[in-house]
Amino acid sequence: MENKYALVTGGSRGIGRACCIKLAEMGYNVLVNYKGNKAAADEACKLIEEKGVKAEAMQFDVADKAEVERIITEWQDANKDAIIEVLINNAGIRQDILMMSMTDEQWDSVLDTSLNGMYHVTKQVLKPMLMNRYGRIINMVSLSGLKGQPGQVNYSAAKAGMIGATKALGQEIAKRNITVNAIAPGFIKTDMTEELNEGDLKKMIPMQRFGEVQEVADLVGFLASKQAGYITGQVVSINGGLYT
Ligand code: NAP
């Protein structure tokens, strides 16, 4: 596993950080992408290194195509033998507001981060993965992308777009032994859901609680494993039984 890497976008905090640690436990060296929170990324790297693998904080805005291209190309040039075997497209933001009041910026920033971010990063990683004839791509979507959520037209559209891309790309590259799947969490305890009222919302969740980041990371770990080699183009929900 010495030259094998996993790249996790938005790996500095929340679900992404838990995924980084899980992949480190599986023996992968981990590239921790983040946008601005260097302290959180450094802390994630420390936790990864405690698992006995290499960690590198990698700052880029997934929405910035040129920056993504430059940073990943520079890293690959400096690490010629390294192969990114696992990509977790996890970076995402919310800008919740009713559509009638939504600004173009609120629409664009959410689509640019989740949907275009997935496109930009996957594009950079795909060719070497195809040549390696092995890979795992996991896209972090959402219950909102499956059922649509009022007040989240932008976010629901971004995640639904990612689901379509997951299904299409899964079929394109299956014969190269690369799987592409999406994970659709419901409510998970992170900074993103911090201001939500768990007390009220949990009443509609059959499990009567928000999920933990570790629970999502364990699912990521399975889909990223060799054992999940016949699963591709799927959306796996993890939501405590919330009807989708
Ligand atoms: P979070 O705690 O808010 O963390 C967001 C992460 O994404 C941070 O690491 C942040 O980096 C990074 N990020 C944001 N914009 C970025 C950009 N433009 N470029 C690079 N990195 C960027 O979020 P979370 O709750 O863990 O959510 C992770 C993913 O799961 C998201 O895609 C979200 O939509 C999805 N999801 C979450 C829930 C939930 O209940 N939490 C439910 C369904 C789906 P910095 O640290 O540098 O800011």
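Here the structure is shown first, and the text comes after it.
Residues numbered from 1 in each chain as written. Predicted model: local features only at pLDDT ≥ 70, side-chain atom pairs only at ≥ 80, totals over all residues. Heavy atoms only, no water.

Asker: Just give me the short version of the site of the ligand, but keep the residues and values in it.
Answerer: Around the ligand sit 31 residues, and of these S12, G36, N90, Y155 and T190 come closest. Burial of the ligand by the protein chains amounts to 94% of its free accessible area of 910 Å². Of the residues contributing to the shell around the ligand, the split by class is 13 nonpolar, 13 polar and five charged. (Near = heavy atom within 4 Å. Areas by Shrake-Rupley, 256 points an atom, 1.4 Å probe, with all protein chains shown as cover. Nonpolar A, V, L, I, M, F, W, Y, C, P; charged D, E, K, R; others polar.)

Asker: Can you explain the pairing of strand β1 (residues 4-8)? Please cite residues and give values.
Answerer: Judged by how many residues are buried, β1 sits mostly within the fold: four of five residues are covered. Pairing between β1 and strand β2 (residues 29-34): four bridges, direction parallel. Residue pairing across strands places Y5 opposite N29, the latter belonging to β2. Assessed by its sense of winding, the connection that carries the chain from β1 through helix α1 (residues 14-25) to β2 is right-handed. (Buried < 20%, exposed > 50% of the residue type's maximum accessible area, 1.4 Å probe, protein only. Helix = DSSP H or I, 4+ residues; strand = E, 2+ residues; numbered from the N terminus. Pairing = 2+ DSSP bridges. Right-handed = clockwise from strand over helix to strand, strands pointing away.)

Asker: Hey, could you go over the pairing of strand β6 (residues 178-185) for me, with residue numbers and the actual values?
Answerer: Of all the eight residues making up β6, eight are buried; the element is thus mostly covered by neighbouring parts of the structure. Burial of the side chains of β6 extends over both faces: I178, V180, A182 and A184 are buried on one face and T179, N181, I183 and P185 on the other. Where strand β5 (residues 135-140) lies against β6, six bridges are found, and the strand directions are parallel. By the bridge assignment for β6, N139 is matched with A182. By the bridge criterion, four bridges tie β6 to strand β7 (residues 235-238) in an arrangement that is parallel. Across the sheet, residue P185 finds its bridge partner in β7, namely I238.

Treat this as a map of the structure, not an account of what it does.
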